[in-house]
Amino acid sequence: MASELMAQKHSLVHHALGTKIVLTVYGDQYYPVLDQSMKLIDGYEDRLTVNRPVSEVMAVNQAAGKMPKLVSPTTYELIKLAVHYSRENFGFNALIGPLVKLWKIGFAGANVPSPAAIKERLALTDPYKVLLDDENQTVFLEEAGMELDLGGIAKGYIADRIRDFWAAQGVPAGIINLGGNLLFVGQSPRRSDGQWIIGVQDPQLKRGQDLETVRQPACSAVTSGIYERFLVKDGKRYHHLLDPRTGYPLETDLSSVTVFTDKSVLGEVEAKRLFFNGAPIAGWADQPGNRGAVFIHNDEQIENVNL
């Protein structure tokens, strides 16, 4: 059966969520699921994006300091999850947009802002100033100038929803790749034990060149890293991963952390938790849904946790 499915491998490539998306299923009868999945992804992007003037999240941002905005149940669920993790204050913050726009690292006009400007923007990133009304499904940003940006968690959430859709359609095996955010579904047809071979990107090389490989049953693999966008000013290098606790790029000797989790949305959060921590966290792999992690340091030293 595995070799038969291998011969029935189908992939579809699409651009959405600001990245290249590749969906792969095994089984000829499931080929139509690929196009349906891409349409679902586009629908989520339409509701969640902050890169267009019109979306549900943009409506919330445009009403900041003025009024609550009603959003759809899925958007509300994701915003609530993002705010919950933002309030844990470990480094993930869905309100960090005003700071990102101040530094502009990776974009035209990138600069090192003044301490006063950073302090001013930090005041707009307080996740406790997001009022959530479960009964009415409304979201209110209390201060004008506040911005929600779900980019740090949305791909994982969407990948999980696509996996749910595939399960409902009976897809036996496949790979959901949302710009390097990977979710493996079912048993791999390539191996008799059904496990998947997952490459961990070498931060110093082009995308697709791996430094480490991991073998796991169906799971999610998500990476947080600082190697793709940075600014050099007066001989100092500033990467794009800002620490919402300080307003400055995170100081770390880590190049990346890749986590393996049951759910992709959990992977998004936990990759950032470990990356911002700068080292393994005792008992982390014992938490429900966490499988293991690979830490890659700037000197390319590799540290495996529970793998």
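All values derive from a computational prediction rather than experimental measurement.

Focus: the packing of aromatic side chains
Line of reasoning, step 1. Taken as a whole and assessed by the stated rule, the structure comprises five aromatic pairs.
Line of reasoning, step 2. Pairing tyrosine 26 with tryptophan 196 gives two aromatic rings, centres 6.4 Å apart and planes at 50°, and the pair type is tilted. Here tyrosine 26 is found in strand β2 (residues 19-26), whereas its partner tryptophan 196 is found in strand β8 (residues 196-201), with 170 residues between them in sequence.
Line of reasoning, step 3. Under the relative-accessibility criterion, tyrosine 26 is labelled buried at 2%.
Line of reasoning, step 4. With a centroid separation of 5.8 Å and an interplanar angle of 75°, the aromatic rings of tryptophan 103 and tyrosine 248 are classed as edge-to-face. With tryptophan 103 in helix α5 (residues 97-103) and tyrosine 248 in the loop between β12 (236-239) and β13 (254-261), this residue pair connects regions lying 145 residues apart in the sequence.
Line of reasoning, step 5. Members of the aromatic cluster, joined through ring pairs, are Tyr26, Phe184 and Trp196.
Line of reasoning, step 6. The residue whose ring lies beneath arginine 161 is tyrosine 157, and the NZ or CZ to ring-centre distance is 4.7 Å.
Line of reasoning, step 7. Its end group placed over the ring of phenylalanine 90, arginine 273 keeps NZ or CZ at 4.3 Å from the ring centre.

Side note on the pattern of salt bridges
Pairing between side chains of opposite charge can happen when the charged atoms of each approach one another.
Line of reasoning, step 1. One pass over the full model with this rule turns up 15 salt bridges.
Line of reasoning, step 2. Across the salt bridge formed by lysine 80 and aspartate 134, the nearest N and O atoms sit 2.7 Å from each other. With a gap of 54 residues between them, lysine 80 in helix α4 (residues 73-86) and aspartate 134 in the loop between β4 (130-133) and β5 (138-141) connect regions that are remote in the sequence.
Line of reasoning, step 3. Ionic pairing is found between glutamate 270 and arginine 273, a salt bridge with its closest N-O pair at 2.9 Å. Within this pair, glutamate 270 and its partner arginine 273 are both found in helix α8 (residues 264-277), separated by three residues, close to a single helical turn.
Line of reasoning, step 4. Accessibility expressed as a relative area gives 5% for glutamate 270, which makes it buried.
Line of reasoning, step 5. What emerges from the salt-bridge pattern is a single network uniting Glu45, Asp46 and Arg52.

Looking at helix α7 (residues 154-169)
Line of reasoning, step 1. For α7, built from 16 residues, the straight-helix expectation of 22 Å at 1.5 Å per residue is met to within 8% by its first-to-last C-alpha distance of 23 Å.
Line of reasoning, step 2. In this structure, the buried side of α7 is in contact with β2, α2 (31-48), α4, β6 (173-178), β7 (181-186) and α8.
Line of reasoning, step 3. Two residues or fewer past α7, glycine 170 is found with a positive phi of approximately 80°.

Here we look at the nonpolar core
Line of reasoning, step 1. Among the nonpolar cores identified, the biggest contains 48 residues, and Ile41, Leu148, Leu150, Ile153, Trp166 and Ile176 are the most heavily contacted of them.
Line of reasoning, step 2. Of all the elements, α7 adds the most residues to this core, at seven residues.
Line of reasoning, step 3. For tryptophan 166, the residues in contact, after removing those within four places along its chain, are Leu23, Thr24, Val25, Val33, Leu34, Ser37, Val171, Gly174, Ile175, Ile176 and Val185.
Line of reasoning, step 4. Core analysis: the second largest hydrophobic core is formed by 16 residues, Ile226, Ala271, Leu274 and Ala285 among them.

Points about the sheet that holds strand β15 (residues 302-305)
Line of reasoning, step 1. Strand order in the open sheet made by the eight strands is β1-β2-β6-β7-β10-β13-β14-β15, with antiparallel pairing throughout. The open sheet has two edge strands, β1 (9-16) and β15, and neither has a second partner. When the angles between neighbouring strand axes are averaged without regard to direction, this sheet yields 10°.
Line of reasoning, step 2. By the bridge criterion, six bridges tie β6 to β7 in an arrangement that is antiparallel. Within β7, the residue paired with asparagine 177 across the bridge is leucine 182.
Line of reasoning, step 3. Together, β1, β2 and β6 form the strand contacts of α2, whose direction differs from that of β1 by roughly 20°.
Line of reasoning, step 4. Lying on the sheet, α8 is in contact with β7, β10 (220-225), β13 and β14 (290-297); it crosses β13 at an angle near 145°.

What counts and what doesn't
Residues numbered from 1 in each chain as written. Predicted model: local features only at pLDDT ≥ 70, side-chain atom pairs only at ≥ 80, totals over all residues. Heavy atoms only, no water. Phe/Tyr/Trp six-rings, centres within 6.5 Å; stacked < 30°, edge-to-face > 60°. Helix = DSSP H or I, 4+ residues; strand = E, 2+ residues; numbered from the N terminus. Buried < 20%, exposed > 50% of the residue type's maximum accessible area, 1.4 Å probe, protein only. Lys NZ or Arg CZ within 6 Å of the ring centre and 35° of its normal. Salt bridge = Lys/Arg side-chain N within 4 Å of Asp/Glu carboxyl O. Expected span 1.5 Å × (residues − 1). Contact = heavy atoms within 4.5 Å. Core = buried A, V, L, I, M, F, W, Y, C linked by side-chain atoms within 4.5 Å. Pairing = 2+ DSSP bridges. Axes fitted to C-alpha atoms, helices over the stretch in contact; angles between N-to-C directions.

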